[in-house]
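Structural characterization, general
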Amino acid sequence: MGHTTAKKIAQADGRVGSRIANYAGFWDASAAKDGVEHTENRLTNYTDVINGYYDGATELYEYAWAQSFHFSRFYKGEGFIQSLARHEHYLAAQMDLKPGMRVLDVGCGVGGPAREIAQFTHANIVGVNNNDFQIARARKYTAQSGLSDQVTFVKGDFMKLVETFGENSFDAVYAIEATVHAPSFEGIYGEILKVLRPGGVFGVYEWVMTDRWDPSIPLHKEIAHGIEVGDGIPEMRNIHSCRTAFNSVGFEVLHEEDLAERPDPIPWYYPLEGDIWKAQTAWDYFTVWRMSWSGKVVTHHALKLMETIGLVPKGTWQVGETLKIAGDNLVHGGQLKLFSPMFLIVGRKPTSF
């Protein structure tokens, strides 16, 4: 076991080849053998786990998904990109974001949600991300969108938000499927509370294992393990630990709901199933095909070739293989209602803080 941090030599684009190549070593291939020592090592080295994953996975996400790296609910006939935007709008509406507010996006990826929410609310968004490769791409896409004056990005560790921004710096903070990467919910939520101004609002779509999940059941443990290794997550946690952390750091809960429990006719995980007959619009056939058996075969061989001739860093192909593991377990976890990527909590920082 004993995987530790590797020597970090960055490429011109900010990616670190050794982090990508060594990413999978943070897990035992067997869920049954992936024990406490593995988890503790991942939690200790969470920045290497996260950055190794996203150095390898970012371009794959953009190719196979979109510039918004998250799931969403679907209405029948609703296009994939429209669904992603609606999911972002719903969070912004629940938080009551207003024009001119200074809002922090924690774990902003390449800035897809930040740009969408900025245009939807006319708020000023600051994205924080600890991955140089993603930050550069976020700035490029934002400049191309003409939003650089309204949406900005800062390199920083989300476990050190106070160190980066100072206390009482933002009117609101949101996180979309990002804080699951943190070594603890209490740690990340506590940092968010401190950078919020008194009375400020925090909204989050959290990845959680539901109350139906029992890690003593081998299948349940295998699903959580597959989600971890395939998505750069040091440790999957249950919904109870999320609620407890949110309350214990001092937030006043305004709204809480697991949106995956809604009786939607089209499940949130449908694009991962790879069934082109379920595509909701003509353009979505291509999105769904990329997750199909034939789409995965094409990606598998294309990535292998690109890595061999040096077009992508060494280890990218292996990260791509872990994404397949993630996809299978996300679908299985969703079907069995063991996992949700959209547990929504909105809370307020007390004015007395």
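A separate point is the sheet that holds strand β6 (residues 252-258). Taken in spatial order, the seven strands of this open sheet run β3-β2-β1-β4-β5-β7-β6, and their pairing is mixed. The open sheet has two edge strands with one neighbour each: β3 (151-155) and β6. Shown here is a sheet whose adjacent strand axes are inclined to one another by a mean of 20°, direction ignored. Pairing geometry for strand β5 (residues 196-209) and strand β7 (residues 339-348), over eight bridges, is antiparallel. Opposite Phe 202, over in β7, you have Gly 347 as the bridge partner.

A few words on unusual backbone geometry. Here the phi dihedral of Asp 96 falls at roughly 60°; this positive angle occurs in a residue that is not glycine. With respect to the element layout, Asp 96 can be found in the loop between α4 (80-95) and β1 (102-106).

All right, on to the side chain of Asn 51 then. Structurally, Asn 51 is set in helix α3 (residues 46-64). Ignoring anything within four residues of it in the chain, the contact list for Asn 51 reads Arg 19, Asn 130 and Asn 131.

Enumeration according to the criterion identifies 19 salt bridges in this entry. Across the salt bridge formed by Lys 155 and Asp 132, the nearest N and O atoms sit 3.2 Å from each other. You can see Lys 155 sitting in strand β3 and its partner Asp 132 sitting in helix α6 (residues 132-144), a full 23 residues away along the chain. In this structure, a network of salt bridges that share partners links the residues Asp 13, Arg 15, Glu 59, Glu 62 and Arg 137.

Take the environment of Pro 350 next. Tracing the chain through its elements places Pro 350 in the segment after β7. Linking Pro 350 and Arg 197, residues 153 residues apart in sequence, is a C-alpha distance of 9.2 Å. Contacts of Pro 350, omitting those with residues within four sequence positions, involve Pro 198, Gly 199, Gly 250 and Glu 252.

Attention shifts here to the packing of aromatic side chains. The final tally for this structure, using the stated rule, is 24 aromatic pairs. Considering the side-chain rings of Tyr 53 and Tyr 61, the 6.1 Å spacing of their centres and the 80° angle between planes classify their relative orientation as edge-to-face. Note on accessibility: Tyr 53 and Tyr 61 belong to one class, buried. Each ring, one from Phe 74 and one from Tyr 270, has its centre 4.9 Å from the other, and the planes form 75°; the classification is edge-to-face. A residue pair is termed long-range when its members are at least 10 positions apart, and Phe 74 in the loop between α3 and α4 and Tyr 270 in helix α11 (residues 270-273) qualify at 196 residues. Assessed through its relative accessible area of 1%, Phe 74 is described here as buried. Ring-pair connections join several aromatic residues into one group, and the members of that group are Trp 65, Phe 71, Phe 74, Phe 80, Trp 207, Trp 268, Tyr 269, Tyr 270 and Phe 339. The lysine or arginine in question, Arg 15, covers the ring of Phe 133, its NZ or CZ lying 4.1 Å from the ring centre. Over the face of the ring belonging to Trp 317 we find Lys 304, whose NZ or CZ atom lies 4.0 Å from the ring centre.

Now for the packing of α3 against α6. Running from amino to carboxyl end, α3 crosses α6 at an angle of 35°, the nearest separation of the two axes being 9 Å. Residues Tyr 54, Asp 55, Thr 58, Glu 59 and Glu 62 of α3 form the contact with α6, whose participating residues are Phe 133, Gln 134, Arg 137 and Tyr 141. By residue class, the composition of the contact of α3 with α6 is three nonpolar, two polar and four charged.

All right, on to a nonpolar patch on the surface then. Together, Leu 305, Met 306, Ile 309 and Leu 311 make up an exposed nonpolar region whose accessible area comes to about 390 Å². Structurally, Leu 305 is set in helix α13 (residues 293-308). We classify Leu 305 as exposed; its relative accessible area is 51%.

Within β7, nine of the 10 residues are buried, leaving the element largely enclosed by the surrounding structure. Of the pairings in the sheet, the one linking β6 to β7 comprises six bridges and is antiparallel in character. Bridge pairing links Glu 252 to Arg 348 in β7.

It is worth spelling out helix α8 (residues 185-195) at this point. Counted residue by residue, α8 has eight buried out of 11 residues, so it is predominantly covered. Here α8 has its buried residues at Phe 185, Ile 188, Tyr 189, Gly 190, Glu 191, Ile 192, Leu 193 and Val 195. On the buried face of α8, the contacting elements are β1, α7 (161-165), β4 (170-176), β5 and α10 (239-248). Sitting at the head of α8, Ser 184 places a side-chain oxygen 2.9 Å from the backbone nitrogen of Gly 187.

As a further point, take α10. Those residues of α10 that sit buried are Ile 239, Cys 242, Ala 245 and Phe 246. Down the axis, α10 shows its buried residues gathered within 130° of arc, on one side only. Those residues of α10 that are buried lie in contact with α8, β5, β6 and β7. Within two residues after α10, Gly 250 carries a phi angle of roughly 125°, on the positive side.

Basis of the calculations
- Residues numbered from 1 in each chain as written.
- Predicted model: local features only at pLDDT ≥ 70, side-chain atom pairs only at ≥ 80, totals over all residues.
- Heavy atoms only, no water.
- Pairing = 2+ DSSP bridges.
- Helix = DSSP H or I, 4+ residues; strand = E, 2+ residues; numbered from the N terminus.
- Axes fitted to C-alpha atoms, helices over the stretch in contact; angles between N-to-C directions.
- Contact = heavy atoms within 4.5 Å.
- Salt bridge = Lys/Arg side-chain N within 4 Å of Asp/Glu carboxyl O.
- Phe/Tyr/Trp six-rings, centres within 6.5 Å; stacked < 30°, edge-to-face > 60°.
- Buried < 20%, exposed > 50% of the residue type's maximum accessible area, 1.4 Å probe, protein only.
- Lys NZ or Arg CZ within 6 Å of the ring centre and 35° of its normal.
- Nonpolar A, V, L, I, M, F, W, Y, C, P; charged D, E, K, R; others polar.
- Patch = residues over 30% accessible without salt bridge, like charges linked within 9 Å, V, L, I, M, F, W, Y side chains within 5 Å.
- Areas by Shrake-Rupley, 256 points an atom, 1.4 Å probe, with all protein chains shown as cover.
- Polar contact = N/O pair within 3.5 Å; in protein donor to acceptor, adjacent residues only side chain to side chain.
- Arc of directions from axis to C-beta.

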